[in-house]
Amino acid sequence: MKLGIVGLPNVGKSTLFNSLTKAGAQAANYPFCTIDPNVGVVAVPDKRIELLGKMYSSKKITPATVDFVDIAGLVKGASKGEGLGNQFLANIRECDAIVHVVRCFEDGNVIHVDGSVDLVRDIETINLELIFSDLEILERRIAKVSKTARMDKGAAKELELLNRIKETLESDRPAYETELKDDDEQKMITTMGLLTVKPVIFAANVKDEDLSDDGASNPHVQAVRSWAKDHNSEVFVISAEIEAEIAELDDDERAEFLEGLGLEKAGLDKLIEASYRTLGLMSFLTAGEDETRAWTIKIGTKAPQAAGKIHTDFERGFIKAEVVNYEDLLREGSLSAAREKGIVRMEGKDYVVQDGDVILFRFNV
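Residues numbered from 1 in each chain as written. Predicted model: local features only at pLDDT ≥ 70, side-chain atom pairs only at ≥ 80, totals over all residues. Heavy atoms only, no water.

> Help me understand the pairing of strand E8 (residues 281-286) in this model?
The side chains of a regular strand alternate, residue by residue, between the two faces of the sheet. A large share of E8 lies buried, amounting to 6 of its 6 residues. What you see with E8 is no split at all: Leu281, Ser283 and Leu285 on one side and Met282, Phe284 and Thr286 on the other are buried throughout. In this sheet, strand E9 (residues 291-298) lies alongside E8 in antiparallel orientation, the contact comprising 6 bridges. When the sheet's bridge partners are listed, Met282 is paired in E9 with Ile297. The turn linking E8 back onto E9 is made up of 4 residues. (Buried < 20%, exposed > 50% of the residue type's maximum accessible area, 1.4 Å probe, protein only. Helix = DSSP H or I, 4+ residues; strand = E, 2+ residues; numbered from the N terminus. Pairing = 2+ DSSP bridges.)

Below, the structure is given as structure tokens:
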């Protein structure tokens, strides 16, 4: 999973990136301090593989990972060369979703690029720059496809779709609002690299005192939630400053620190949960003496395709999947004990993998 982080300058974007990834991206109280895209890889917190790893005495425990890409803050006019952000938008075109960090706090000591905090205006500023950037991509694609559309039915169909998407963007609406006629058009639009097709998750950055009620008393957070509800987006409340403190603590200290703040989860956990929900993802597990590992797949994935995440040979030569729920496996203490209880199942190619399945694939190539 790859997430691109966007936002206006000075909203806490790079501070949040630093704390999530501990990658040390530069953060400063002025615009455009991030002048190169920063990429960080984060392990997905998952107690299941830790417990299974102990049970199997695994030599290696490998969690699922998330790639974060942080680019320079976008400002109004970025698509026309203002600021530095637009030149880095290409770096998030390959991302699965966009994390839009919005500033939900007042602080005279932290400059706001537009002079004041106005959530609707701030969100629309970023959205318009993403739309303008997509228009550039689309216009180039239209010029290319137009050359062959008269002689090629496939190109003609694509051109018709491109023009419809362009009309949507020119009405200041994201590309995902374009009405699609069939599955072929759905496939086409997802391969165009358009930013406004991607799902958006809003990170409402607040002061630490607004964390305890999850931003319920913060009018800026409520404005973000209202916007997100109207646009089918997720919102999670976070304090970039608190996350920076949490990043310096070990697991025991982190749990104690969160408890002292009255919080159940760190911001990273909330972001990953929101990302998995938004993208329709889940994890299945493999376990053994050599390695215990979490594998991220789409909800609804069948056993052969899940096997293919491990190796293409597993999918090509798939025979059966030996499946047990991780809670049942932990309770019984070993796979052999679980087999004796009759709770290990042999599943075929039509089996839809479930979150938390521990699977041993049988294959022959």
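> So what exactly am I meant to see when it comes to the pairing of strand E7 (residues 234-238) here?
Looking at chain direction, strand E6 (residues 200-205) and E7 are connected through 5 bridges and run parallel. Note that in E7 the partner of Ala203 across the bridge is Phe236. In the classification by handedness, the crossover that spans E6, the intervening helix H6 (residues 219-230) and the parallel E7 is right-handed. (Right-handed = clockwise from strand over helix to strand, strands pointing away.)

> Help me out: how do you make sense of the sheet that holds E7 in this one?
As a general point, the strands of a sheet are linked pairwise by backbone hydrogen bonds and lie either parallel or antiparallel. Spatially, the 6 strands line up as an open sheet ordered E2-E4-E1-E5-E6-E7, and their pairing is mixed. Two strands in the sheet have a free side with no partner beyond their single neighbour: strand E2 (38-43) and E7. Neighbour-to-neighbour, the strand axes of the sheet open up by a mean angle of 25°, direction not taken into account. In terms of strand pairing, E2 meets strand E4 (residues 65-70) through 6 bridges, oriented antiparallel. Across the sheet, the residue bridging to Asn38 is Asp70, located in E4. Against the sheet, H6 makes contact with strand E5 (97-103), E6 and E7, and its axis sits at roughly 160° relative to E7, the strand it touches most. (Axes fitted to C-alpha atoms, helices over the stretch in contact; angles between N-to-C directions. Contact = heavy atoms within 4.5 Å.)

> Can you help me understand a negative patch on the surface in this one?
On the surface, Asp250, Asp252, Glu253, Glu256 and Glu259 cluster together into a negatively charged patch. Here Glu259 lies in helix H8 (residues 251-261). (Patch = residues over 30% accessible without salt bridge, like charges linked within 9 Å, V, L, I, M, F, W, Y side chains within 5 Å. Areas by Shrake-Rupley, 256 points an atom, 1.4 Å probe, with all protein chains shown as cover. Salt bridge = Lys/Arg side-chain N within 4 Å of Asp/Glu carboxyl O. Lys, Arg positive; Asp, Glu negative; His and termini not counted. Charge placed at Lys NZ, Arg CZ, Asp CG, Glu CD.)

> For this particular structure, what's the right way to read the packing of helix H4 (residues 153-170) against helix H5 (residues 183-190)?
Angle between the axes and distance between the axes: these two values describe a pair of packed helices. Where H4 meets H5, the axes come as close as 11 Å, and the angle between the chain directions of the two elements is 65°. Accordingly, the angle class assigned to the pair H4 and H5 is roughly perpendicular. Here H4 runs over H5; the crossing is right-handed. Contact residues: Lys157, Glu158, Glu160, Leu161, Arg164 and Ile165 in H4; Asp184, Glu185, Met188 and Ile189 in H5. Per-class residue counts for the contact of H4 with H5 are 4 nonpolar, no polar and 6 charged. (Parallel < 35°, antiparallel > 145°, perpendicular 65-115°, else oblique. Left-handed = near helix turned anticlockwise from the far one by under 90°. Nonpolar A, V, L, I, M, F, W, Y, C, P; charged D, E, K, R; others polar.)

> Can you walk me through helix H10 (residues 303-310) in this structure?
Helical periodicity: at 3.6 residues per turn, an α-helix aligns residues three or four positions apart in one direction. If you check which residues of H10 are buried, you get Ala303, Pro304, Ala306 and Ala307. Buried residues of H10 fall within an arc of 160° about the axis and therefore sit on the same side. Where H10 is buried, its residues meet E8, E9, helix H11 (312-316), strand E10 (318-325) and strand E12 (357-363). (Arc of directions from axis to C-beta.)

> Explain the nonpolar core to me, please; I cannot follow it from the model alone.
For soluble globular proteins, the rule of thumb is that nonpolar side chains tend to be buried together. Grouped together as the largest cluster of nonpolar side chains are 48 residues, with contacts concentrated most on Phe68, Ile92 and Leu271. Here this core takes 6 residues from helix H9 (residues 267-279), the largest share from any one element. If sequence neighbours within four positions are ignored, Ile92 has contacts with Gly4, Val6, Val69, Ile71, Leu195 and Lys198. In this structure, Val117, Phe202, Ala204 and Leu211 belong to the second largest nonpolar core, which totals 19 residues. (Core = buried A, V, L, I, M, F, W, Y, C linked by side-chain atoms within 4.5 Å.)

> Can you walk me through helix H1 (residues 13-21) in this structure?
Most of H1 sits out of view: 8 of its 9 residues are buried. Phi turns positive one or two residues past the end of H1, at Lys22, with a value near 55°.

> I would appreciate a short explanation of empty space enclosed by the protein in the present structure.
The gaps left among the atoms become clear once a water-sized probe is rolled over them. Under the defined criterion, the tally for this structure stands at 2 cavities of 30 Å³ or more. Within this model, the largest cavity holds a volume of roughly 50 Å³. Along the walls of the largest cavity sit Leu211, Val237, Ile238, Ser239, Glu243, Leu263, Lys265, Ala266, Gly267 and Lys270, which together make up its complete lining. Listing elements by their share of the lining of the largest cavity, those giving two or more residues are E7 and H9. For the lining of the largest cavity, the class distribution of residues is 5 nonpolar, 2 polar and 3 charged. (1 Å grid on protein atoms, 1.4 Å probe; cavity = no way out; pocket = protein on both sides within 12 Å on 5 of 7 lines; lining within 4 Å. Points joined across faces, edges and corners; volume = space filled by probe spheres on them.)

> How should the packing of helix H3 (residues 119-146) against H6 be read in this particular structure?
Remark: H3 packs on H6, axes separated minimally by 9 Å, with the N-to-C direction vectors making an angle of 45°. One way to sum up the angle between H3 and H6 is to call them oblique. Taking contact as the criterion, the partners of Leu119, Val120, Ile123, Glu124 and Asn127 in H3 are, on H6, His220, Ala223, Val224 and Trp227. Residue classes in the contact of H3 with H6 are distributed as 6 nonpolar, 2 polar and 1 charged.

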